[in-house]
Amino acid sequence: GSCTYILFKDSEAGGNKLYNAGEEIMSYVLPKGVFVNSLTPNISNQSDIVFLAPLGVVYINGTLLANEEAIVLKHTTGQQKTIILNRVSGQINVQ
(Lines give C-alpha, C1' and ligand atoms only; values in the text may rest on other atoms or scores of the structure.)
Protein backbone atom coordinates (compact mmCIF):
# COMPACT_ATOMS: atom_id res chain seq x y z
CA GLY A 1 0.00 0.00 0.00
CA SER A 2 0.91 3.63 -0.21
CA CYS A 3 1.65 6.07 2.58
CA THR A 4 -0.02 9.47 2.45
CA TYR A 5 0.42 12.73 4.28
CA ILE A 6 -2.02 15.62 4.20
CA LEU A 7 -1.45 19.36 4.15
CA PHE A 8 -4.44 20.93 5.87
CA LYS A 9 -5.79 24.21 7.19
CA ASP A 10 -7.36 24.09 10.64
CA SER A 11 -10.64 25.77 9.72
CA GLU A 12 -12.80 25.79 12.86
CA ALA A 13 -13.33 29.11 14.62
CA GLY A 14 -10.23 29.26 16.80
CA GLY A 15 -9.15 25.87 15.42
CA ASN A 16 -8.90 22.63 17.39
CA LYS A 17 -5.25 22.14 16.25
CA LEU A 18 -6.15 18.73 14.73
CA TYR A 19 -6.93 17.49 11.22
CA ASN A 20 -10.65 17.01 10.56
CA ALA A 21 -12.39 15.80 7.41
CA GLY A 22 -12.90 18.64 4.94
CA GLU A 23 -9.77 20.60 5.97
CA GLU A 24 -7.46 19.01 3.38
CA ILE A 25 -5.64 21.39 1.05
CA MET A 26 -3.41 18.79 -0.64
CA SER A 27 -2.68 15.12 -0.20
CA TYR A 28 0.78 13.67 -0.94
CA VAL A 29 1.70 10.04 -1.54
CA LEU A 30 5.22 9.09 -0.51
CA PRO A 31 7.40 7.59 -3.27
CA LYS A 32 7.12 3.85 -3.92
CA GLY A 33 8.95 1.85 -1.26
CA VAL A 34 8.94 4.69 1.31
CA PHE A 35 6.75 4.38 4.40
CA VAL A 36 6.38 5.88 7.87
CA ASN A 37 8.14 3.41 10.14
CA SER A 38 7.29 5.19 13.40
CA LEU A 39 5.84 8.35 14.94
CA THR A 40 6.75 9.63 18.40
CA PRO A 41 4.46 10.56 20.04
CA ASN A 42 2.04 8.24 18.24
CA ILE A 43 -1.71 8.66 18.56
CA SER A 44 -3.83 6.32 16.43
CA ASN A 45 -1.02 5.89 13.85
CA GLN A 46 -1.18 9.53 12.84
CA SER A 47 0.31 12.81 13.90
CA ASP A 48 -1.24 16.24 13.56
CA ILE A 49 1.28 19.10 13.45
CA VAL A 50 -0.13 22.63 13.33
CA PHE A 51 2.00 25.76 12.83
CA LEU A 52 0.20 28.84 14.14
CA ALA A 53 1.48 31.77 12.11
CA PRO A 54 2.61 34.47 12.62
CA LEU A 55 3.09 33.59 16.28
CA GLY A 56 5.48 30.71 15.64
CA VAL A 57 3.54 28.39 17.95
CA VAL A 58 3.60 24.69 17.05
CA TYR A 59 0.95 22.21 18.22
CA ILE A 60 1.66 18.48 18.16
CA ASN A 61 -1.46 16.32 18.23
CA GLY A 62 -3.56 19.28 19.35
CA THR A 63 -1.52 20.22 22.41
CA LEU A 64 1.59 22.00 23.61
CA LEU A 65 2.60 19.05 25.82
CA ALA A 66 5.16 17.26 23.61
CA ASN A 67 8.39 19.15 22.95
CA GLU A 68 9.30 17.08 19.88
CA GLU A 69 7.79 14.98 17.13
CA ALA A 70 9.97 12.30 15.54
CA ILE A 71 8.91 10.80 12.22
CA VAL A 72 10.99 7.89 10.93
CA LEU A 73 10.72 7.31 7.18
CA LYS A 74 12.02 3.99 5.92
CA HIS A 75 12.58 2.55 2.46
CA THR A 76 12.11 -1.10 1.60
CA THR A 77 15.91 -1.24 1.01
CA GLY A 78 16.40 -0.62 4.75
CA GLN A 79 17.58 2.97 4.45
CA GLN A 80 15.86 5.36 6.83
CA LYS A 81 15.74 9.03 7.81
CA THR A 82 14.38 10.61 10.97
CA ILE A 83 12.62 13.95 10.82
CA ILE A 84 12.63 15.75 14.17
CA LEU A 85 10.39 18.74 14.74
CA ASN A 86 11.18 20.82 17.80
CA ARG A 87 7.92 22.37 19.03
CA VAL A 88 9.62 25.08 21.08
CA SER A 89 11.92 26.47 18.36
CA GLY A 90 9.95 25.30 15.31
CA GLN A 91 13.20 23.87 13.92
CA ILE A 92 12.97 20.81 11.67
CA ASN A 93 16.03 18.52 11.39
CA VAL A 94 16.61 15.47 9.22
CA GLN A 95 19.03 12.82 10.48
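Quick caveat: nothing in here was measured; it's all calculated off a predicted structure.

Quick look at the overall build of the protein chain
Phase 1: When its secondary structure is counted, the protein chain shows 0 helices and 8 strands.
Phase 2: In the protein chain, the order of α-helices and β-strands from amino to carboxyl end is β-β-β-β-β-β-β-β.
Phase 3: Relative to a compact globule of 95 residues, whose C-alpha radius of gyration would be 12 Å, the protein chain shows 14 Å and is just as compact.
Phase 4: Here the protein chain, with 95 residues, has 22% of them falling under the buried criterion.
Phase 5: Partitioning the contacts of the protein chain with sequence separation of at least 6, the portion at a separation of at least 24 is 39%.
Phase 6: Accessible area of the protein chain: about 6400 Å², with a carbon and sulfur share of 56%.
Phase 7: Computed over 6 positive and 7 negative side-chain charges, the inter-centroid distance for the protein chain is 10 Å.

A look at the packing of aromatic side chains
Phase 1: Tallied over the full model, the rule gives 2 aromatic pairs.
Phase 2: Where Tyr-5 meets Tyr-28, the ring centres are 4.9 Å apart and the plane angle is 15 degrees; that geometry is what we call stacked. Of the two residues, Tyr-5 is situated in strand S1 (residues 4-8) and Tyr-28 in strand S2 (residues 24-29); the sequence distance between them amounts to 23 residues.
Phase 3: Classification of Tyr-28 as partly exposed rests on a relative accessible area of 28%.

Points about the layout of surface pockets
Phase 1: Computed from the structure, the largest pocket encloses a volume of approximately 1100 Å³.
Phase 2: Around the largest pocket, the lining is made up of 33 residues, and of these Tyr-5, Ile-6, Ser-47, Ile-49 and Ile-71 lie nearest the centre.
Phase 3: Elements with a minimum of two residues in the lining of the largest pocket: S1, strand S3 (34-40), strand S4 (49-52), strand S6 (68-75) and strand S7 (80-86).
Phase 4: Considering each element in turn, the lining of the largest pocket owes the most residues, 5 residues, to S1.

The rules behind the values
Here, residues in each chain are numbered from 1, in the same order as that chain's written sequence. At least 70 in pLDDT is required for a residue's local features to be given in this predicted model, at least 80 for side-chain atom pairs to be given and counted, and no such filter applies to totals for whole chains, interfaces and linings, which use all residues. The basis for every side-chain value is the complete set of non-hydrogen atoms in the structure, without hydrogens or water. A run of H or I in DSSP counts as a helix once it spans at least four residues, and a run of E counts as a strand once it spans at least two, with each numbered from the N terminus. Throughout, the radius of gyration refers to the C-alpha atoms, and the reference size of a globule is 2.2 Å times the residue count to the power 0.38. Burial classification: accessible surface area is computed with a 1.4 Å probe over protein chains only, and a residue below 20% of its type maximum counts as buried, one above 50% as exposed, and the rest as partly exposed. Any two residues whose heavy atoms approach within 4.5 Å at even a single point are treated as in contact. With residues, only the protein chains shown are counted as cover, and all accessible areas are computed by Shrake-Rupley using a 1.4 Å probe. Two residue types count as positive, namely Lys and Arg, and two as negative, namely Asp and Glu; His and chain ends fall outside the count. In this description, the location of a charge corresponds to atom NZ of lysine, CZ of arginine, CG of aspartate or CD of glutamate. Pairing of aromatic side chains here covers Phe, Tyr and the six-membered ring of Trp, requires ring centres within 6.5 Å, and sorts the geometry by plane angle: under 30 degrees stacked, over 60 edge-to-face, intermediate tilted. Buriedness of a pocket was judged along seven lines, with at least five required to meet protein on both sides within 12 Å; pockets are open sets of points on a 1 Å grid over the protein atoms alone, cavities are sets where a 1.4 Å probe fits but cannot get out, and lining residues have an atom within 4 Å of a point. Grid points are joined across faces, edges and corners, and a volume is the space filled by probe spheres set on the points.

Structural measurements only, silent on function.
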